[in-house]
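Now for the letters of each chain:
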Amino acid sequence: MSPIEPTVFYYLKIVIRKRKNTVAFVNLKKKEVQVKIVYYGPGRGGKTSNLEFIYNRIRHQMKNDLVTIKTHGDRTLFFDFLPLNIGTIKGYSIRTQLYTVPGQVKYNATRRLVLRGVDGVVFVADSMTVRREKNIASLKNLEENLAAYQKDLYKIPLVLQYNKRDLGKKGVPLLSVEDLENDLNAKLKAPSFAASAMTGHAVATTLKKAIQITMVSLKRTLM
Ligand SMILES: Nc1nc2c(ncn2[C@@H]2O[C@H](COP(=O)(O)OP(=O)(O)OP(=O)(O)O)[C@@H](O)[C@H]2O)c(=O)[nH]1
Ligand SMILES: [Mg+2]
């Protein structure tokens, strides 16, 4: 992954200052700040692929492995987990924890559990026309599961990713970005990116934006 922009470090500094006394996020013993970002979205939309791409780009500098628990095929059974060390500020190491949820409808209890303590969300929508209803249902499900933690879809730091754009060239019918915006983002007006977790297009951009807006929001909450 390319280096995080300086603005993000600026916000991180503020978060550390404000969070020094809040044990939930800052581990004073370990001198560590944790930020939790969850990749959410319909089954087979490409959440795990996003984390795999990020992991493969940075594995040479990683101490930790991508933890991924899959079912028989390539479906996520519980979650994937990728801890990212994104730097040290004033002696505190900043750890971004990336999680994916299992997208299959039947795993809702697990999805809800993974959302506990979430700071920011990346919603990975599937651009394939046949997945239109699944995207809409999954976003609604996200809203419900956040509500269980008294969190509001309209207030939580959220980035939308319109994944699988590469399939257009292969003749697979895709929803246009405009259609996806209308379906999912008309009211939310969250930052959104057309991407491909297969080629890696906009995968890092999506993550950087998610980290950035999460930091801005944490700063606001704590001030
Ligand atoms: N062509 C293409 N295929 C993709 C892309 N992203 C994911 N895939 C494929 O879509 C399938 C599902 O991807 P996953 O990353 O496992 O999807 P997921 O969202 O984690 O699915 P669940 O774990 O079931 O929720 C895999 O076969 C991926 O290779 C993409 O951008 N382009
Ligand atoms: Mg998965």
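Positions within a chain are numbered from 1, following the residues in the order the chain's sequence is written. Both sets of labels track the order of writing: A upward for chains, 1 upward for ligands. In view of the model being predicted, local features appear only for residues whose pLDDT reaches at least 70, and side-chain atom pairs are presented and counted only at 80 or more, with totals across whole chains, interfaces and linings using the full set of residues.

Let's shift gears to the overall build of the protein. By the criteria applied, helices consist of DSSP H or I runs no shorter than four residues and strands consist of E runs no shorter than two, each listed in order from the N terminus. The helix and strand tally for the protein stands at 6 helices and 8 strands. Each helix (α) and strand (β) of the protein, taken in turn from the N terminus, gives the series α-β-β-α-β-β-β-α-β-α-β-α-β-α. For the protein, with 223 residues in total, the buried portion stands at 37%. Counting other C-beta atoms within 10 Å of its own, a residue is labelled buried from 20 upward, exposed at 12 or fewer, and partly exposed in the gap between, with every C-beta atom placed from the backbone.

So, on to the site of ligand 1. Around ligand 1 lies a shell of 22 residues, among which Gly46, Thr48, Ser49, Thr76 and Gly103 are the nearest. Polar here means any residue outside two lists: the nonpolar Ala, Val, Leu, Ile, Met, Phe, Trp, Tyr, Cys and Pro, and the charged Asp, Glu, Lys and Arg; Gly therefore counts as polar. Along the lines of polarity and charge, the residues of the shell around ligand 1 split into 4 nonpolar, 12 polar and 6 charged. Nearness is defined per residue: the C-beta atom, placed using the backbone, must lie within 6 Å of the molecule or strand.

All right, on to helix H4 (residues 132-147) then. Every helix has an expected span of 1.5 Å times one less than the residues it contains. An ideal rise of 1.5 Å per residue puts 22 Å on 16 residues; H4 measures up with 23 Å between its terminal C-alpha atoms. Every buried residue belonging to H4 is among Asn135, Ser138, Leu139, Leu142, Asn145 and Leu146, and all of these are buried. An end-on view of H4 places all buried positions within 125 degrees of arc, on one side of the element. Facing away from the buried side of H4 by over 90 degrees, the exposed positions are Glu133, Ala137, Lys140, Glu144 and Ala147. C-beta atoms are first placed from the backbone for all residues, and any pair lying within 7 Å is then listed as a contact. Each element contacted by the buried residues of H4 is listed here: strand S2 (32-40), helix H3 (108-114), strand S6 (120-126) and helix H5 (177-185). The reported arc concerns the directions from the helix axis to the C-beta atoms and nothing else.

Before going further, it helps to examine the nonpolar core. Buried Ala, Val, Leu, Ile, Met, Phe, Trp, Tyr and Cys residues form a nonpolar core when they are connected through C-beta atoms within 7 Å. In this structure, Val38, Tyr39, Val121, Val122 and Phe123 are the most contacted members of the largest nonpolar core, which totals 44 residues. Residue contacts for Tyr39: discarding those within four places in its chain leaves Lys47, Asn50, Leu51, Leu98, Tyr99, Thr100, Val122 and Val124.

Turning to the environment of Val105, a few remarks are in order. Locating Val105 in the fold gives a position in the loop between strand S5 (92-100) and H3. The sequence separation of Val105 and Asn141 amounts to 36 residues, and the corresponding C-alpha distance is 9.2 Å.

What sets the pattern is the α-helix's 3.6 residues per turn: residues three or four places apart point alike. With 12 residues, helix H2 (residues 47-58) should reach 16 Å at 1.5 Å per residue; the first-to-last C-alpha distance of 17 Å fits that figure. Of the residues making up H2, those classed as buried are Lys47, Thr48, Ser49, Asn50, Leu51, Phe53 and Ile54.

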